[in-house]
Amino acid sequence: MVLALLLALLPAIPAAAPSGLPASADVTLRDARVLTLRASRGGVPAEARARAASLALADALEAGSSGAAVVEVQGDSASIRVGKALVLELGPDDVAAAGVPGIEELSRAAAADVDRALRVERRRARIAELVFHVSLLVLSGLVAFLLLRKIGDLDRIVEARLQERKRRAPALRLRGVEVVSPAGVAGALTVGVRVGRVILQIVVAYAWIVFALSLFPFTRGVGLRLGQVVLGPAASTLARVGGSLPATIAALVAGALLGLALRAVRLFFGSVAAGETHVRWMPAELAVPAGQLVRVVLVIVAAVFAGPVLTGSDEGMLATVGHAALLAVGLAAAPALASVAAGLPRVFGRVYRPGHVAEIGETSGIVRAVGLLDVEIEDSSGRRVLVPHLATLFLPTRLPGLAAAARFELSVDPSEDQSLVREILLRTGGPGTAADLVRLDASGALYRVAGPGSDLAVRVASALRAEGVKLGRPGPGAAGAA
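Because the structure is a prediction, the values reported are computed rather than measured. (Residues numbered from 1 in each chain as written. Predicted model: local features only at pLDDT ≥ 70, side-chain atom pairs only at ≥ 80, totals over all residues. Heavy atoms only, no water.)

Concerning the overall build of the protein chain
Counting its regular elements, the protein chain contains 13 helices and 15 strands. In the protein chain, buried positions account for 29% of the 482 residues. Put simply, of all contacts in the protein chain between residues at least 6 apart along the chain, 57% involve residues at least 24 apart. Carbon and sulfur atoms form 65% of the exposed surface of the protein chain, whose accessible area is close to 29800 Å². (Helix = DSSP H or I, 4+ residues; strand = E, 2+ residues; numbered from the N terminus. Buried < 20%, exposed > 50% of the residue type's maximum accessible area, 1.4 Å probe, protein only. Contact = heavy atoms within 4.5 Å. Areas by Shrake-Rupley, 256 points an atom, 1.4 Å probe, with all protein chains shown as cover.)

What about the pattern of salt bridges?
Pairing of side chains with opposite charge becomes possible as their charged atoms draw close. Taken as a whole, this structure holds 15 salt bridges when the rule is applied. Residue Glu409 pairs with Arg448 through a salt bridge whose shortest N-O separation is 3.3 Å. One end of the pair, Glu409, is in strand β13 (residues 406-412); the other, Arg448, is in strand β15 (residues 444-451), with 39 residues separating them in the sequence. On the basis of relative accessibility, which here comes to 16%, the residue Glu409 falls in the buried class. Where salt bridges share partners, they join Glu423, Arg427 and Glu467 into one cluster. (Salt bridge = Lys/Arg side-chain N within 4 Å of Asp/Glu carboxyl O.)

Looking at helix α11 (residues 334-348)
Here α11 contains 15 residues, and its C-alpha end-to-end distance of 21 Å stays within 8% of the 21 Å for a straight helix at 1.5 Å per residue. Largest kink in α11: about 35°, centred on Ala342, with the proline Pro345 one to four residues after it. Among the residues making up α11, those that are buried are Ser339, Val340, Ala342, Gly343 and Val347. Positive phi shows up at Arg350, right after α11, with a value of about 55°. (Expected span 1.5 Å × (residues − 1). Bend = angle between axes of the 7 residues up to and from the residue.)

Remarks on the nonpolar core
With 27 residues, the main nonpolar core has Leu35, Leu37, Leu57, Val82, Leu90 and Val114 as its most contacted residues. Among residues more than four places away in sequence, those in contact with Leu90 are Leu37, Arg41, Arg49, Asp76, Ser77, Ala78, Ile80, Ile103, Leu106, Ser107 and Ala110. The next biggest cluster of nonpolar side chains, apart from the first, holds 17 residues, and it includes Leu425, Ala463, Leu464 and Val469. (Core = buried A, V, L, I, M, F, W, Y, C linked by side-chain atoms within 4.5 Å.)

What about the environment of Arg41?
Relative to the helices and strands, Arg41 resides in the loop between β2 (32-37) and α3 (46-62). Classification of Arg41 by relative accessible area gives partly exposed; the value is 29%. Apart from the residues lying within four places of it in its own chain, the contact partners of Arg41 are Arg49, Ser77, Glu89, Leu90, Gly91 and Pro92.

Observations concerning the environment of Ala50
With respect to the helices and strands, Ala50 occurs in helix α3. The exposure class of Ala50 is buried, given its relative accessible area of 2%. Here the alpha-carbon distance between Ala50 and Ala25, two residues 25 residues apart in the chain, equals 6.0 Å. Residues within four places of Ala50 in sequence aside, it is in contact with Ala25, Asp26, Val27 and Leu37.

Observations regarding unusual backbone geometry
We note that Arg350 has phi near 55°; this positive angle belongs to a residue other than glycine. Note on placement: Arg350 falls in the loop between α11 and β8 (356-360).

Quick word on the sheet that holds strand β4 (residues 77-82)
Reading across the sheet, the three strands line up as β3-β4-β5 and stay open at both edges, with antiparallel pairing between neighbours. For this open sheet the edge positions go to β3 (69-74) and β5 (85-90), each flanked by a neighbour on one side alone. Adjacent strand axes in the sheet meet at a mean angle of 25°, parallel and antiparallel pairs treated alike. Where β4 and β5 come together, five bridges link them in antiparallel fashion. Residue pairing for β5: Arg81 is matched across the bridge by Leu86. (Pairing = 2+ DSSP bridges. Axes fitted to C-alpha atoms, helices over the stretch in contact; angles between N-to-C directions.)

Re the pairing of β13
With six of its seven residues buried, β13 lies for the most part within the structure. Direction of pairing for β13 relative to β15: antiparallel, over a ladder of seven bridges. Bridging across to β15, Glu409 finds its partner in Arg448.

Describing the packing of helix α5 (residues 103-164) against helix α6 (residues 182-213)
Across the interface, α5 lies against α6 with an axial gap of 10 Å and an inter-helix angle of 175°. Here α5 is positioned roughly antiparallel relative to α6, judged by the angle of their axes. A per-class count over the contact of α5 with α6 returns 15 nonpolar, six polar and four charged. (Parallel < 35°, antiparallel > 145°, perpendicular 65-115°, else oblique. Nonpolar A, V, L, I, M, F, W, Y, C, P; charged D, E, K, R; others polar.)

What to know about the sheet that holds strand β14 (residues 434-441)
In spatial order, the strands read β13-β15-β14; together these three strands make up an open sheet with antiparallel pairing. Among the strands making up the open sheet, the edge pair consists of β13 and β14. On average, adjacent strands in this sheet sit at an angle of 15° to one another, irrespective of strand direction. Across the sheet, helix α12 (residues 418-429) touches β13, β14 and β15, and the angle it forms with β15 is around 20°. On top of the sheet, helix α13 (residues 456-466) reaches β13 and β15; it is set at about 25° to β13, its chief contact.

Quick notes on the side chain of Thr190
Take Thr190: it is sitting in helix α6. Residue classification places Thr190 among the buried residues on the basis of a relative accessible area of 10%. Apart from the residues within four sequence positions on either side, Thr190 is in contact with Glu159, Leu162 and Gln163.

Some points on a nonpolar patch on the surface
A cluster of nonpolar residues, Leu245, Ile249, Val253, Leu257 and Leu260, forms a patch on the protein surface that exposes about 490 Å² of accessible area. When you line up the elements, Ile249 lands in helix α8 (residues 245-274). The exposure class of Ile249 is partly exposed, given its relative accessible area of 48%. (Patch = residues over 30% accessible without salt bridge, like charges linked within 9 Å, V, L, I, M, F, W, Y side chains within 5 Å.)

Quick notes on the confidence of the model for the protein chain
The predicted model of the protein chain averages 78 in pLDDT, with 84% of residues at 70 or higher. Within the protein chain, the lowest mean pLDDT, 41, falls on helix α2 (residues 12-16), and the highest, 88, falls on α13. (pLDDT = per-residue confidence, 0-100.)

Considerations on the pairing of β14
Alignment of β14 against β15, held across seven bridges, turns out to be antiparallel. Opposite Arg439, over in β15, you have Leu446 as the bridge partner. A loop of two residues connects β14 with β15, the two strands running antiparallel in sequence.

Structure follows, in C-alpha coordinates:
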(Lines give C-alpha, C1' and ligand atoms only; values in the text may rest on other atoms or scores of the structure.)
Protein backbone atom coordinates (compact mmCIF):
# COMPACT_ATOMS: atom_id res chain seq x y z
CA MET A 1 0.00 0.00 0.00
CA VAL A 2 2.86 2.42 0.85
CA LEU A 3 4.51 1.58 -2.48
CA ALA A 4 1.28 2.18 -4.36
CA LEU A 5 0.82 5.53 -2.60
CA LEU A 6 4.37 6.59 -3.56
CA LEU A 7 3.79 5.60 -7.16
CA ALA A 8 0.61 7.69 -7.20
CA LEU A 9 2.37 10.73 -5.76
CA LEU A 10 5.44 10.59 -8.08
CA PRO A 11 3.71 12.26 -11.09
CA ALA A 12 2.62 15.13 -8.86
CA ILE A 13 6.07 15.80 -7.44
CA PRO A 14 7.77 16.96 -10.71
CA ALA A 15 4.73 19.05 -11.63
CA ALA A 16 4.71 20.85 -8.30
CA ALA A 17 8.47 21.41 -8.12
CA PRO A 18 8.76 23.98 -10.96
CA SER A 19 5.93 26.06 -9.51
CA GLY A 20 8.34 27.44 -6.92
CA LEU A 21 11.05 28.42 -9.49
CA PRO A 22 10.89 31.83 -11.21
CA ALA A 23 9.72 31.79 -14.88
CA SER A 24 12.35 33.14 -17.37
CA ALA A 25 12.29 34.47 -20.97
CA ASP A 26 15.02 35.63 -23.36
CA VAL A 27 15.20 39.04 -25.07
CA THR A 28 16.40 38.36 -28.62
CA LEU A 29 17.64 40.39 -31.59
CA ARG A 30 17.44 38.64 -34.95
CA ASP A 31 17.23 35.23 -33.24
CA ALA A 32 20.29 35.97 -31.10
CA ARG A 33 19.93 36.00 -27.29
CA VAL A 34 20.63 39.36 -25.66
CA LEU A 35 19.64 38.87 -21.99
CA THR A 36 17.22 36.88 -19.83
CA LEU A 37 14.29 38.16 -17.77
CA ARG A 38 13.24 36.07 -14.74
CA ALA A 39 10.56 38.18 -13.09
CA SER A 40 7.29 39.79 -13.95
CA ARG A 41 6.63 43.50 -13.53
CA GLY A 42 3.31 45.21 -12.89
CA GLY A 43 1.41 42.04 -13.61
CA VAL A 44 3.16 41.53 -16.94
CA PRO A 45 4.88 38.14 -17.09
CA ALA A 46 8.53 37.84 -18.06
CA GLU A 47 7.65 36.26 -21.42
CA ALA A 48 5.53 39.28 -22.49
CA ARG A 49 8.19 41.70 -21.23
CA ALA A 50 10.88 39.86 -23.22
CA ARG A 51 8.75 39.83 -26.35
CA ALA A 52 8.06 43.62 -26.07
CA ALA A 53 11.76 44.32 -25.42
CA SER A 54 12.75 42.24 -28.48
CA LEU A 55 10.34 44.18 -30.70
CA ALA A 56 11.53 47.55 -29.35
CA LEU A 57 15.17 46.57 -29.88
CA ALA A 58 14.45 45.47 -33.49
CA ASP A 59 12.59 48.74 -34.18
CA ALA A 60 15.51 50.76 -32.84
CA LEU A 61 17.88 48.86 -35.11
CA GLU A 62 15.62 49.33 -38.15
CA ALA A 63 15.33 53.06 -37.37
CA GLY A 64 19.08 53.35 -37.82
CA SER A 65 19.90 54.38 -34.29
CA SER A 66 23.68 54.41 -34.05
CA GLY A 67 24.01 55.36 -30.38
CA ALA A 68 24.66 53.10 -27.41
CA ALA A 69 22.11 51.99 -24.84
CA VAL A 70 21.37 54.66 -22.23
CA VAL A 71 20.39 53.83 -18.61
CA GLU A 72 18.00 56.05 -16.68
CA VAL A 73 17.70 55.16 -12.95
CA GLN A 74 14.76 56.52 -10.95
CA GLY A 75 14.61 55.22 -7.35
CA ASP A 76 14.38 51.45 -7.33
CA SER A 77 13.58 51.18 -11.04
CA ALA A 78 15.60 51.78 -14.23
CA SER A 79 14.90 52.26 -17.95
CA ILE A 80 17.12 51.25 -20.89
CA ARG A 81 16.76 53.31 -24.10
CA VAL A 82 18.35 53.03 -27.54
CA GLY A 83 17.97 56.40 -29.21
CA LYS A 84 14.39 57.48 -28.59
CA ALA A 85 13.05 53.92 -28.22
CA LEU A 86 12.34 52.53 -24.73
CA VAL A 87 13.66 48.96 -24.81
CA LEU A 88 13.27 47.66 -21.25
CA GLU A 89 12.22 48.69 -17.72
CA LEU A 90 13.74 46.92 -14.66
CA GLY A 91 12.51 46.87 -11.05
CA PRO A 92 13.17 45.31 -7.62
CA ASP A 93 11.76 41.95 -8.71
CA ASP A 94 14.36 41.77 -11.49
CA VAL A 95 17.10 42.59 -8.97
CA ALA A 96 15.91 39.87 -6.61
CA ALA A 97 15.57 37.33 -9.41
CA ALA A 98 19.03 38.11 -10.81
CA GLY A 99 20.68 38.05 -7.37
CA VAL A 100 22.67 41.29 -7.87
CA PRO A 101 23.33 43.95 -5.19
CA GLY A 102 21.12 46.70 -6.68
CA ILE A 103 19.26 48.20 -9.65
CA GLU A 104 22.29 50.12 -10.97
CA GLU A 105 24.42 46.99 -11.33
CA LEU A 106 21.58 45.14 -13.04
CA SER A 107 20.77 47.99 -15.45
CA ARG A 108 24.44 48.49 -16.39
CA ALA A 109 24.84 44.81 -17.09
CA ALA A 110 21.66 44.74 -19.18
CA ALA A 111 22.78 47.86 -21.12
CA ALA A 112 26.14 46.24 -21.81
CA ASP A 113 24.38 43.12 -23.18
CA VAL A 114 22.19 45.33 -25.39
CA ASP A 115 25.22 47.26 -26.71
CA ARG A 116 27.04 44.04 -27.46
CA ALA A 117 24.09 42.66 -29.42
CA LEU A 118 23.67 45.94 -31.34
CA ARG A 119 27.34 46.03 -32.29
CA VAL A 120 27.26 42.46 -33.56
CA GLU A 121 24.09 43.08 -35.57
CA ARG A 122 25.32 46.37 -37.03
CA ARG A 123 28.59 44.74 -38.05
CA ARG A 124 26.68 41.90 -39.68
CA ALA A 125 24.43 44.40 -41.48
CA ARG A 126 27.43 46.38 -42.76
CA ILE A 127 29.08 43.24 -44.05
CA ALA A 128 25.86 42.13 -45.74
CA GLU A 129 25.39 45.59 -47.28
CA LEU A 130 28.98 45.65 -48.52
CA VAL A 131 28.63 42.21 -50.09
CA PHE A 132 25.34 43.24 -51.70
CA HIS A 133 26.82 46.48 -53.08
CA VAL A 134 29.89 44.68 -54.42
CA SER A 135 27.64 42.14 -56.12
CA LEU A 136 25.49 44.97 -57.50
CA LEU A 137 28.64 46.76 -58.72
CA VAL A 138 29.84 43.68 -60.56
CA LEU A 139 26.40 42.99 -62.04
CA SER A 140 25.92 46.61 -63.17
CA GLY A 141 29.44 46.66 -64.65
CA LEU A 142 28.65 43.53 -66.63
CA VAL A 143 25.38 45.06 -67.87
CA ALA A 144 27.19 48.30 -68.83
CA PHE A 145 29.87 46.31 -70.67
CA LEU A 146 27.21 44.39 -72.60
CA LEU A 147 25.42 47.64 -73.47
CA LEU A 148 28.66 49.15 -74.78
CA ARG A 149 29.24 46.09 -76.95
CA LYS A 150 25.66 46.10 -78.23
CA ILE A 151 25.93 49.80 -79.10
CA GLY A 152 29.12 49.07 -81.05
CA ASP A 153 27.48 46.14 -82.85
CA LEU A 154 24.44 48.28 -83.68
CA ASP A 155 26.71 51.02 -85.03
CA ARG A 156 28.48 48.57 -87.32
CA ILE A 157 25.16 47.14 -88.56
CA VAL A 158 23.72 50.60 -89.31
CA GLU A 159 26.95 51.73 -90.99
CA ALA A 160 27.00 48.61 -93.17
CA ARG A 161 23.41 49.23 -94.28
CA LEU A 162 24.21 52.85 -95.05
CA GLN A 163 27.15 51.77 -97.19
CA GLU A 164 24.87 49.33 -99.03
CA ARG A 165 22.29 52.04 -99.71
CA LYS A 166 24.81 54.80 -100.36
CA ARG A 167 23.80 55.20 -103.99
CA ARG A 168 20.10 55.41 -103.09
CA ALA A 169 20.54 58.17 -100.52
CA PRO A 170 18.40 61.23 -101.35
CA ALA A 171 20.09 64.54 -102.16
CA LEU A 172 19.45 67.58 -100.00
CA ARG A 173 17.70 70.17 -102.14
CA LEU A 174 16.62 73.71 -101.42
CA ARG A 175 14.04 75.10 -103.84
CA GLY A 176 15.19 72.77 -106.57
CA VAL A 177 18.91 73.48 -106.03
CA GLU A 178 21.01 70.52 -104.93
CA VAL A 179 22.80 71.71 -101.82
CA VAL A 180 24.30 68.36 -100.75
CA SER A 181 24.86 65.42 -103.09
CA PRO A 182 23.62 61.88 -102.27
CA ALA A 183 27.18 60.83 -101.42
CA GLY A 184 27.48 63.78 -99.06
CA VAL A 185 24.19 62.89 -97.37
CA ALA A 186 25.32 59.27 -96.94
CA GLY A 187 28.65 60.42 -95.54
CA ALA A 188 26.93 62.79 -93.12
CA LEU A 189 24.64 59.99 -91.94
CA THR A 190 27.64 57.73 -91.39
CA VAL A 191 29.43 60.38 -89.38
CA GLY A 192 26.24 61.03 -87.40
CA VAL A 193 25.90 57.34 -86.56
CA ARG A 194 29.49 57.19 -85.35
CA VAL A 195 29.14 60.32 -83.26
CA GLY A 196 25.87 58.99 -81.83
CA ARG A 197 27.58 55.72 -80.91
CA VAL A 198 30.37 57.53 -79.08
CA ILE A 199 27.88 59.76 -77.26
CA LEU A 200 25.74 56.78 -76.17
CA GLN A 201 28.81 54.89 -74.96
CA ILE A 202 29.98 57.91 -72.99
CA VAL A 203 26.52 58.27 -71.44
CA VAL A 204 26.40 54.59 -70.44
CA ALA A 205 29.93 54.71 -68.98
CA TYR A 206 29.20 57.95 -67.15
CA ALA A 207 25.95 56.59 -65.69
CA TRP A 208 27.70 53.43 -64.49
CA ILE A 209 30.52 55.41 -62.85
CA VAL A 210 28.02 57.63 -61.02
CA PHE A 211 26.01 54.58 -59.93
CA ALA A 212 29.13 52.72 -58.77
CA LEU A 213 30.39 55.67 -56.74
CA SER A 214 27.01 56.13 -55.07
CA LEU A 215 26.96 52.52 -53.77
CA PHE A 216 29.61 52.97 -51.08
CA PRO A 217 29.52 55.52 -48.23
CA PHE A 218 33.14 56.67 -48.68
CA THR A 219 32.59 57.46 -52.41
CA ARG A 220 28.92 58.50 -52.31
CA GLY A 221 29.74 62.21 -52.00
CA VAL A 222 31.98 62.10 -55.08
CA GLY A 223 29.27 60.26 -57.03
CA LEU A 224 26.62 62.81 -56.08
CA ARG A 225 28.84 65.73 -57.09
CA LEU A 226 29.78 64.01 -60.35
CA GLY A 227 26.11 63.41 -61.11
CA GLN A 228 25.18 66.99 -60.34
CA VAL A 229 27.83 68.24 -62.78
CA VAL A 230 25.68 67.01 -65.70
CA LEU A 231 22.24 66.36 -64.26
CA GLY A 232 22.03 69.72 -62.50
CA PRO A 233 22.47 71.86 -65.64
CA ALA A 234 20.35 69.39 -67.65
CA ALA A 235 17.50 69.60 -65.13
CA SER A 236 17.65 73.40 -65.04
CA THR A 237 17.74 73.50 -68.85
CA LEU A 238 14.71 71.22 -69.09
CA ALA A 239 12.90 73.40 -66.55
CA ARG A 240 13.66 76.52 -68.55
CA VAL A 241 12.65 74.85 -71.80
CA GLY A 242 9.41 73.63 -70.26
CA GLY A 243 8.68 77.09 -68.88
CA SER A 244 9.33 78.72 -72.24
CA LEU A 245 7.41 76.10 -74.26
CA PRO A 246 4.19 78.17 -74.60
CA ALA A 247 6.15 81.21 -75.69
CA THR A 248 8.15 79.05 -78.11
CA ILE A 249 4.98 77.66 -79.70
CA ALA A 250 3.57 81.19 -79.99
CA ALA A 251 6.84 82.35 -81.56
CA LEU A 252 6.70 79.52 -84.13
CA VAL A 253 3.12 80.44 -85.02
CA ALA A 254 4.07 84.11 -85.29
CA GLY A 255 7.08 83.18 -87.45
CA ALA A 256 4.84 81.16 -89.77
CA LEU A 257 2.40 84.08 -90.05
CA LEU A 258 5.30 86.46 -90.73
CA GLY A 259 6.58 84.13 -93.47
CA LEU A 260 3.14 84.07 -95.10
CA ALA A 261 2.90 87.86 -94.90
CA LEU A 262 6.35 88.30 -96.49
CA ARG A 263 5.46 85.86 -99.25
CA ALA A 264 2.17 87.66 -99.92
CA VAL A 265 3.95 91.04 -100.10
CA ARG A 266 6.60 89.64 -102.47
CA LEU A 267 3.99 88.09 -104.76
CA PHE A 268 1.88 91.28 -104.83
CA PHE A 269 4.71 93.66 -105.67
CA GLY A 270 6.20 91.13 -108.10
CA SER A 271 2.83 91.01 -109.89
CA VAL A 272 2.78 94.81 -110.04
CA ALA A 273 6.34 94.85 -111.46
CA ALA A 274 5.43 92.25 -114.09
CA GLY A 275 2.39 94.27 -115.18
CA GLU A 276 -0.09 91.59 -114.11
CA THR A 277 -1.60 93.86 -111.45
CA HIS A 278 -2.23 97.56 -112.01
CA VAL A 279 -2.52 100.02 -109.13
CA ARG A 280 -2.69 103.79 -109.50
CA TRP A 281 -0.44 104.62 -106.55
CA MET A 282 2.46 102.33 -107.57
CA PRO A 283 4.29 102.50 -110.94
CA ALA A 284 5.57 99.18 -112.22
CA GLU A 285 9.23 100.26 -112.11
CA LEU A 286 8.94 101.11 -108.38
CA ALA A 287 7.22 97.89 -107.34
CA VAL A 288 10.37 95.86 -106.63
CA PRO A 289 12.13 98.42 -104.35
CA ALA A 290 8.85 99.24 -102.63
CA GLY A 291 8.24 95.54 -101.95
CA GLN A 292 11.73 95.15 -100.53
CA LEU A 293 11.19 98.14 -98.26
CA VAL A 294 7.86 96.81 -97.00
CA ARG A 295 9.36 93.40 -96.21
CA VAL A 296 12.28 94.95 -94.31
CA VAL A 297 9.84 97.04 -92.27
CA LEU A 298 7.71 93.97 -91.51
CA VAL A 299 10.71 91.99 -90.26
CA ILE A 300 11.95 94.84 -88.05
CA VAL A 301 8.50 95.47 -86.57
CA ALA A 302 8.02 91.76 -85.87
CA ALA A 303 11.44 91.48 -84.22
CA VAL A 304 10.82 94.49 -81.95
CA PHE A 305 7.17 94.02 -80.99
CA ALA A 306 6.64 90.24 -81.17
CA GLY A 307 8.38 89.51 -77.85
CA PRO A 308 6.34 91.84 -75.59
CA VAL A 309 3.09 90.96 -77.39
CA LEU A 310 3.59 87.19 -77.10
CA THR A 311 4.94 87.11 -73.55
CA GLY A 312 3.12 90.09 -72.08
CA SER A 313 6.41 91.43 -70.69
CA ASP A 314 9.29 93.57 -71.88
CA GLU A 315 11.66 90.97 -70.45
CA GLY A 316 12.21 87.42 -71.54
CA MET A 317 13.80 85.39 -74.29
CA LEU A 318 11.68 86.69 -77.18
CA ALA A 319 12.02 90.33 -76.18
CA THR A 320 15.78 89.92 -75.79
CA VAL A 321 16.03 88.18 -79.15
CA GLY A 322 14.02 90.98 -80.77
CA HIS A 323 16.26 93.68 -79.33
CA ALA A 324 19.40 91.75 -80.23
CA ALA A 325 18.12 91.18 -83.77
CA LEU A 326 17.29 94.86 -84.16
CA LEU A 327 20.73 95.87 -82.90
CA ALA A 328 22.47 93.33 -85.16
CA VAL A 329 20.46 94.44 -88.19
CA GLY A 330 21.18 98.08 -87.41
CA LEU A 331 24.93 97.51 -87.10
CA ALA A 332 25.22 95.17 -90.09
CA ALA A 333 22.94 97.18 -92.37
CA ALA A 334 24.34 100.63 -91.59
CA PRO A 335 25.94 101.08 -95.04
CA ALA A 336 22.92 99.58 -96.79
CA LEU A 337 20.52 101.75 -94.78
CA ALA A 338 22.62 104.78 -95.58
CA SER A 339 22.42 103.88 -99.28
CA VAL A 340 18.65 103.42 -98.96
CA ALA A 341 18.27 106.76 -97.22
CA ALA A 342 20.35 108.46 -99.92
CA GLY A 343 18.41 106.81 -102.74
CA LEU A 344 14.82 107.12 -101.49
CA PRO A 345 14.39 110.73 -102.74
CA ARG A 346 15.72 109.79 -106.16
CA VAL A 347 13.83 106.49 -106.37
CA PHE A 348 10.42 107.83 -105.44
CA GLY A 349 11.15 111.17 -107.12
CA ARG A 350 11.67 109.18 -110.31
CA VAL A 351 14.97 110.86 -111.08
CA TYR A 352 16.18 107.77 -112.92
CA ARG A 353 14.01 106.33 -115.68
CA PRO A 354 14.67 103.05 -117.48
CA GLY A 355 15.87 103.64 -121.04
CA HIS A 356 17.36 107.06 -120.24
CA VAL A 357 21.04 107.89 -120.26
CA ALA A 358 22.70 108.62 -116.91
CA GLU A 359 26.22 109.63 -115.99
CA ILE A 360 27.22 109.08 -112.33
CA GLY A 361 30.82 110.07 -111.84
CA GLU A 362 32.91 108.13 -114.34
CA THR A 363 30.14 105.60 -114.97
CA SER A 364 27.84 106.28 -117.88
CA GLY A 365 25.30 104.26 -119.78
CA ILE A 366 21.62 103.51 -120.16
CA VAL A 367 19.48 103.03 -117.03
CA ARG A 368 18.06 99.50 -117.01
CA ALA A 369 16.56 99.22 -113.52
CA VAL A 370 16.28 101.22 -110.32
CA GLY A 371 16.45 99.34 -107.01
CA LEU A 372 16.21 100.29 -103.40
CA LEU A 373 19.97 100.06 -102.90
CA ASP A 374 21.40 100.95 -106.32
CA VAL A 375 20.72 101.86 -109.92
CA GLU A 376 21.59 99.43 -112.72
CA ILE A 377 23.34 100.95 -115.75
CA GLU A 378 24.39 99.27 -118.98
CA ASP A 379 27.71 100.80 -120.01
CA SER A 380 29.17 101.18 -123.47
CA SER A 381 30.56 97.63 -123.42
CA GLY A 382 27.13 96.18 -122.70
CA ARG A 383 27.96 95.13 -119.14
CA ARG A 384 25.72 95.76 -116.12
CA VAL A 385 27.07 98.31 -113.66
CA LEU A 386 25.42 98.68 -110.23
CA VAL A 387 25.99 102.12 -108.75
CA PRO A 388 25.00 102.41 -105.04
CA HIS A 389 22.80 105.38 -104.20
CA LEU A 390 25.30 106.30 -101.48
CA ALA A 391 27.85 107.11 -104.21
CA THR A 392 25.53 109.77 -105.65
CA LEU A 393 26.11 111.89 -102.52
CA PHE A 394 29.74 112.38 -103.53
CA LEU A 395 29.68 112.04 -107.34
CA PRO A 396 27.99 114.34 -109.85
CA THR A 397 25.02 112.95 -111.77
CA ARG A 398 24.17 113.94 -115.34
CA LEU A 399 20.92 112.99 -117.07
CA PRO A 400 21.21 113.66 -120.84
CA GLY A 401 17.76 112.24 -121.49
CA LEU A 402 16.12 109.42 -123.41
CA ALA A 403 18.49 107.08 -125.25
CA ALA A 404 17.27 106.14 -128.74
CA ALA A 405 18.12 102.63 -129.78
CA ALA A 406 20.48 102.41 -132.76
CA ARG A 407 22.12 99.10 -133.74
CA PHE A 408 24.20 98.31 -136.82
CA GLU A 409 27.23 96.34 -137.96
CA LEU A 410 30.37 97.99 -139.33
CA SER A 411 33.25 96.40 -141.24
CA VAL A 412 36.66 98.12 -140.99
CA ASP A 413 39.87 97.43 -142.86
CA PRO A 414 41.75 94.76 -140.83
CA SER A 415 45.04 96.65 -141.25
CA GLU A 416 43.75 99.59 -139.16
CA ASP A 417 44.55 100.01 -135.45
CA GLN A 418 41.52 98.31 -133.92
CA SER A 419 42.00 99.88 -130.50
CA LEU A 420 41.87 103.34 -132.16
CA VAL A 421 38.80 102.30 -134.15
CA ARG A 422 36.98 101.16 -131.02
CA GLU A 423 37.91 104.35 -129.20
CA ILE A 424 36.50 106.42 -132.09
CA LEU A 425 33.26 104.44 -132.03
CA LEU A 426 32.76 104.82 -128.26
CA ARG A 427 33.75 108.49 -128.27
CA THR A 428 31.41 109.27 -131.10
CA GLY A 429 28.45 107.35 -129.65
CA GLY A 430 28.79 108.81 -126.16
CA PRO A 431 27.38 107.32 -122.93
CA GLY A 432 25.52 104.09 -123.42
CA THR A 433 27.37 103.13 -126.60
CA ALA A 434 28.63 99.56 -127.07
CA ALA A 435 31.13 98.48 -129.75
CA ASP A 436 31.94 94.77 -129.86
CA LEU A 437 34.44 93.20 -132.27
CA VAL A 438 32.62 90.05 -133.37
CA ARG A 439 34.81 88.91 -136.29
CA LEU A 440 38.31 89.60 -137.62
CA ASP A 441 39.62 88.06 -140.85
CA ALA A 442 41.28 89.09 -144.11
CA SER A 443 38.10 90.69 -145.43
CA GLY A 444 37.68 93.04 -142.47
CA ALA A 445 37.07 93.63 -138.78
CA LEU A 446 33.35 93.39 -138.08
CA TYR A 447 31.99 95.52 -135.21
CA ARG A 448 28.51 95.36 -133.76
CA VAL A 449 27.66 98.88 -132.60
CA ALA A 450 24.70 99.86 -130.37
CA GLY A 451 24.09 103.18 -128.72
CA PRO A 452 21.78 106.16 -128.21
CA GLY A 453 20.73 108.47 -131.02
CA SER A 454 19.02 107.67 -134.28
CA ASP A 455 21.88 109.38 -136.19
CA LEU A 456 24.59 107.27 -134.58
CA ALA A 457 25.55 105.57 -137.86
CA VAL A 458 25.95 108.91 -139.64
CA ARG A 459 28.08 110.32 -136.84
CA VAL A 460 30.26 107.20 -136.78
CA ALA A 461 30.79 107.33 -140.56
CA SER A 462 31.82 110.99 -140.38
CA ALA A 463 34.19 110.34 -137.49
CA LEU A 464 35.89 107.43 -139.28
CA ARG A 465 36.32 109.48 -142.47
CA ALA A 466 37.77 112.36 -140.47
CA GLU A 467 40.29 110.01 -138.88
CA GLY A 468 41.14 108.39 -142.20
CA VAL A 469 39.92 104.92 -141.23
CA LYS A 470 39.21 102.70 -144.22
CA LEU A 471 36.21 100.41 -144.35
CA GLY A 472 36.46 96.70 -145.05
CA ARG A 473 34.46 94.26 -147.10
CA PRO A 474 31.48 92.71 -145.33
CA GLY A 475 31.89 88.98 -144.82
CA PRO A 476 29.33 86.28 -145.57
CA GLY A 477 26.11 86.87 -143.65
CA ALA A 478 27.05 90.42 -142.63
CA ALA A 479 24.17 92.88 -142.62
CA GLY A 480 26.25 95.84 -143.66
CA ALA A 481 25.84 99.33 -142.32
CA ALA A 482 22.41 100.24 -140.98
